[in-house]
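# Topology and contacts: notes
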Amino acid sequence: MSTLTSVERDTTIFDLINREKHRQESGIELIASENFTSRQVMEAAGSVLTNKYAEGLPGKRYYGGCEVVDEIEQIAIDRLKELFGATWANVQPHSGAQANTAVFLACLNPGDKIMGFNLSHGGHLTHGSPVNISGKYFKPIFYGVEAETGLIDWDKVEETAVRERPKLLICGASAYSRDWDYARLRSIADQVGALLMADIAHPAGLIAKGLLNDPFDHCHIVTTTTHKTLRGPRGGVIMMRNDFENPFGITTPKGQLRTMSSLLDSGVFPGTQGGPLEHIIAAKAIAFGEALSEGYYNYAVQVKKNAQAMAKAFVDKGYGIISGGTDNHLMLIDLRTKNGQNPGLTGKLAENTLIKADITINKNMVPFDDKSPMITSGIRVGTAAVTTRGMVETDMERIVDFIDTVLVNHDQDAKIAAVKGEINNWMKQFPLYL
Ligand code: DSN
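If you're wondering where the values come from, they're calculated on a predicted model, not measured in any experiment.

Turning next to empty space enclosed by the protein. This model, assessed by the stated rule, comprises three cavities of 30 Å³ or more. The volume enclosed by the largest cavity comes to roughly 110 Å³. Lining the largest cavity are 17 residues, and of these Ala-173, Tyr-176, Trp-180, Pro-203 and Asn-328 lie nearest its centre. The residue inventory of the lining of the largest cavity, partitioned by class, reads 10 nonpolar, four polar and three charged.

A few words now on the nonpolar core. Within the largest apolar cluster, 52 residues are counted, with the highest numbers of intra-cluster contacts made by Phe-84 and Trp-180. The residues contacting Phe-84, other than those within four sequence positions of it, are Ile-200, Ala-204, Ile-207, Ala-208, Phe-216, Leu-230, Met-239 and Arg-241. In this structure, Leu-30, Ala-311, Ala-313 and Val-381 belong to the second largest nonpolar core, which totals 36 residues.

Every residue near the ligand is listed here: Ser-33, His-124, Ser-174, His-202, Lys-228 and Arg-380. A distance of 2.7 Å separates an oxygen atom of the ligand from a polar side-chain atom of Ser-33. Arg-380 places a side-chain nitrogen or oxygen 2.8 Å from an oxygen atom of the ligand. Relative to its unbound accessible surface of 230 Å², the ligand loses 63% to contact with the protein. With respect to the pocket detection grid, the ligand is positioned in the largest pocket. Residues of the shell around the ligand, tallied by class, amount to no nonpolar, four polar and two charged.

Next up on the list: helix α10 (residues 278-291). Between its first and last C-alpha atoms α10 spans 19 Å; for 14 residues at 1.5 Å apiece the expected length is 20 Å, and the two agree. If you check which residues of α10 are buried, you get Glu-278, His-279, Ile-280, Ile-281, Ala-282, Ala-283, Lys-284, Ala-285, Ala-287, Phe-288, Glu-290 and Ala-291. Tucked into the core, α10 has its buried residues touching α2 (39-45), β3 (60-61), α3 (67-84), β10 (236-240) and α11 (294-316).

Once that is clear, we can look at the sheet that holds strand β8 (residues 195-199). With mixed pairing, the seven strands of this open sheet are ordered in space as β4-β10-β9-β8-β7-β5-β6. Each edge of the open sheet carries a strand with a single partner, namely β4 (88-90) and β6 (139-143). Across the sheet, the axes of successive neighbouring strands diverge by a mean angle of 20°, strand direction being ignored. The sheet contact formed by strand β7 (residues 168-171) and β8 spans four bridges and is parallel. Bridged to Leu-168 within β8 is Leu-195. Across the sheet, helix α4 (residues 96-107) lies against β7, β8, β9 (221-225) and β10, angled at about 160° from β9, the strand it touches most. The sheet contacts of helix α6 (residues 154-164) involve β5 (113-117) and β6, and relative to β5 the element is tilted by about 170°.

Its 15 residues place the ends of helix α15 (residues 413-427) 21 Å apart at the C-alpha level, agreeing with the 21 Å of an ideal helix rising 1.5 Å per residue. When α15 is considered as a whole, its buried residues turn out to be Ile-416, Val-419, Ile-423, Trp-426 and Met-427. Viewed end-on, α15 has its buried residues packed into an arc of 90°, placing them on one side of the element. The exposed set on the far side of α15, more than 90 degrees from its buried face, consists of Asp-413, Ala-414 and Asn-425.

A few words now on a nonpolar patch on the surface. Together, Ile-13, Phe-14, Leu-16 and Ile-17 make up an exposed nonpolar region whose accessible area comes to about 340 Å². Within the fold, Ile-13 resides in helix α1 (residues 11-26).

In this section: the layout of surface pockets. Of the pockets and cavities examined, the largest pocket occupies roughly 680 Å³. Leu-119, His-124, Leu-125, Ser-174 and Arg-380 are the residues nearest the centre of the largest pocket, which is lined by 31 residues in total. Of all elements in the fold, only α4 and β14 (362-364) reach the threshold of two or more residues within the lining of the largest pocket. The space that makes up the second largest pocket amounts to roughly 580 Å³. Gln-24, Asn-35, Thr-37, Met-42 and Tyr-433 are, among the 24 residues lining the second largest pocket, the residues nearest its centre. Secondary structure elements with two or more residues in the lining of the second largest pocket: α1 and α2. Tallied by class, the residues present in the lining of the second largest pocket amount to 10 nonpolar, seven polar and seven charged.

Moving on, we come to the confidence of the model for the protein. The pLDDT averaged across the protein works out to 97; a share of 100% of its residues lies at or above 70. At the level of individual helices and strands, the protein shows its lowest average pLDDT in strand β11 (residues 320-321), which scores 96, and its highest in α10, which scores 99.

Attention shifts here to the packing of aromatic side chains. Throughout the structure, instances matching the rule amount to 14 aromatic pairs. Seen in terms of ring centroids, Phe-117 and Tyr-143 are 5.6 Å apart; in terms of plane orientation they differ by 20°. Their pairing is stacked. Of this pair, Phe-117 sits in strand β5 while Tyr-143 sits in strand β6; the two residues are 26 residues apart in sequence, bridging distant segments of the chain. On the basis of relative accessibility, which here comes to 0%, the residue Phe-117 falls in the buried class. An aromatic cluster is built from Phe-117, Tyr-143, Trp-154, Tyr-176 and Trp-180, whose rings are joined through pairwise contacts. Here the basic side chain of Arg-9 rests over the ring of Phe-14, its NZ or CZ set 3.7 Å away from the ring centre. Just above the ring of Trp-426 sits the side chain of Arg-398; from NZ or CZ to the centre is 4.7 Å.

Parameters and conventions
- Every chain begins its residue count from 1, and numbering advances along the sequence as written.
- Residues qualify for local features only when their pLDDT is at least 70, as the model is predicted, and side-chain atom pairs are given and counted only at 80 or more; totals for whole chains, interfaces and linings, by contrast, use all residues.
- Values shown for side chains rest on all heavy atoms present in the structure; no hydrogens or waters enter the calculation.
- Put simply, the grid is 1 Å and covers the protein atoms alone, a cavity is a trapped set of points that fit a 1.4 Å probe, a pocket is an open set with protein on both sides within 12 Å along at least five of seven lines, and lining residues have an atom within 4 Å of a point.
- Grid points are joined across faces, edges and corners, and a volume is the space filled by probe spheres set on the points.
- Ten residue types, Ala, Val, Leu, Ile, Met, Phe, Trp, Tyr, Cys and Pro, are classed as nonpolar, four, Asp, Glu, Lys and Arg, as charged, and the remainder, Gly among them, as polar.
- We define the nonpolar core as a collection of buried residues of types Ala, Val, Leu, Ile, Met, Phe, Trp, Tyr and Cys that are connected through side-chain atoms lying within 4.5 Å of one another.
- Burial classes follow relative accessibility: with a 1.4 Å probe on protein chains only, a residue under 20% of its type's maximum area counts as buried, one over 50% as exposed, and anything between as partly exposed.
- Two residues form a contact once any of their heavy atoms are found within 4.5 Å.
- Any residue with a heavy atom lying within 4 Å of a molecule or strand is counted as near it.
- In protein, a polar contact requires one atom able to donate a hydrogen and another able to accept it; more generally it is a pair of N or O atoms within 3.5 Å, and residues adjacent in sequence count only if both atoms are side-chain atoms.
- Residue-level accessible areas treat just the shown protein chains as cover; the underlying method is Shrake-Rupley with a 1.4 Å probe.
- Molecule-in-pocket calls rest on the fraction of atoms, with more than half required to lie within 2 Å of the cavity or pocket grid points.
- In this description a helix means any DSSP run of H or I spanning at least four residues, a strand means any run of E spanning at least two, and both kinds are numbered starting from the N terminus.
- Given a helix with a known number of residues, its expected span is that number minus one, times 1.5 Å.
- Here, strands pair whenever DSSP counts at least two bridges between them.
- Where helices are involved, their axes are fitted lines through C-alpha atoms of the stretch in contact, as for all axes, and angles between N-to-C directions lie from 0 to 180°.
- Throughout, the arc means that of the directions going from the helix axis to the C-beta atoms.
- Surface patches are defined over residues having more than 30% relative accessible area and no salt bridge, joining like charges when they lie within 9 Å and nonpolar side chains (Val, Leu, Ile, Met, Phe, Trp, Tyr) when within 5 Å.
- Every case where a carboxyl oxygen of Asp or Glu lies within 4 Å of a side-chain nitrogen of Lys or Arg is listed as a salt bridge.
- pLDDT expresses how confident the predictor is about each individual residue, on a scale running from 0 to 100.
- Stacked, tilted and edge-to-face are the three classes applied to pairs of Phe, Tyr and Trp rings, where Trp contributes its six-membered ring and a pair requires centres within 6.5 Å; stacked means planes under 30 degrees apart, edge-to-face means over 60, and tilted covers the rest.
- Two thresholds decide whether a charge sits over a ring: the Lys NZ or Arg CZ must be within 6 Å of the ring centre and within 35 degrees of the ring normal.

Written as structure tokens, this is what we have:
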């Protein structure tokens, strides 16, 4: 008999998992980078595939017994390519940060210059922040938004790129609510001889369904996470629509220039990762299959409509939204616009108060913030998760009403408790996992 039969159930951990399930089901989830996966995605993520080592790629592994995981990984690759119209994909990165690091390893030498969107204006940690490997091993320079408009000025991006001549130009953000001009960015990259990488982690699902500009024709390399709007398991991927010979003169043992795809594959394994997580790759394959469906298209359309309805509801209540609105699934709210009514309201206070009412958001710096990242003047909210629960535009208005009531009454526990009660009851109308 297997020694596993005598393993005792770990009730400590399963009780905590049940508590977390209850937390997710009874509250309003507005963290822009979160979503809820389907049951089948979670089932694959918790499957026997976690037992398998499979270093290498389908058909070219360093371990025996990979016939089944080869098929699974190939399906994940094929579905992902179909979803984004890519011709090459690597589905092994354990996260978006890993995907980006693999790209850097493939395209850069230590000390090379990279140019990304400023973290404090809505960019991402892995695009050159000094506390991340991208800022420690490479030389980062940044572009940002304009103080008056909250928008990126492409002419200024060009000026900076021409002056600094980065080797890699990175576009993409974690808190920018507007679309990107990929064609313009490619012309800038070409002008300075840079490669252009798009990190579409946040809006990937909307891009896949044609609801935002398509980066693939313009960007040499595209990375994304799989768990935000894309609604898959936590993880990352790297893609290209057009493969090309690497411009760095790196050759095969036979003296041929290596393709960019082969450098990127090596950047993932053995460059920055060991064995791929085949259970997560199976879950990714399922999520990509789901995202290819018409039902997912309708979902993505609703995510965008809900974001627009939510932005309008915030503006109607006097909250300032950076750039004035949203094109995607998220928005960044500058709480200082409410300070007349609510002096001292910071992102930290808002986050800590809203959680008492079971509304989950994250504090976020706004561009040119006068407060630290641990305090902040803003909050970031997104509609991917609440849309998965089946909410529509009118529900967004109700959510903003709740948020406003809690923030206006942030020192009144009884009022906040009453809102929490209402929310917990309301959320029963949007069951997640029956
Ligand atoms: N930290 C994630 C986010 O919340 O946007 C991105 O990696």
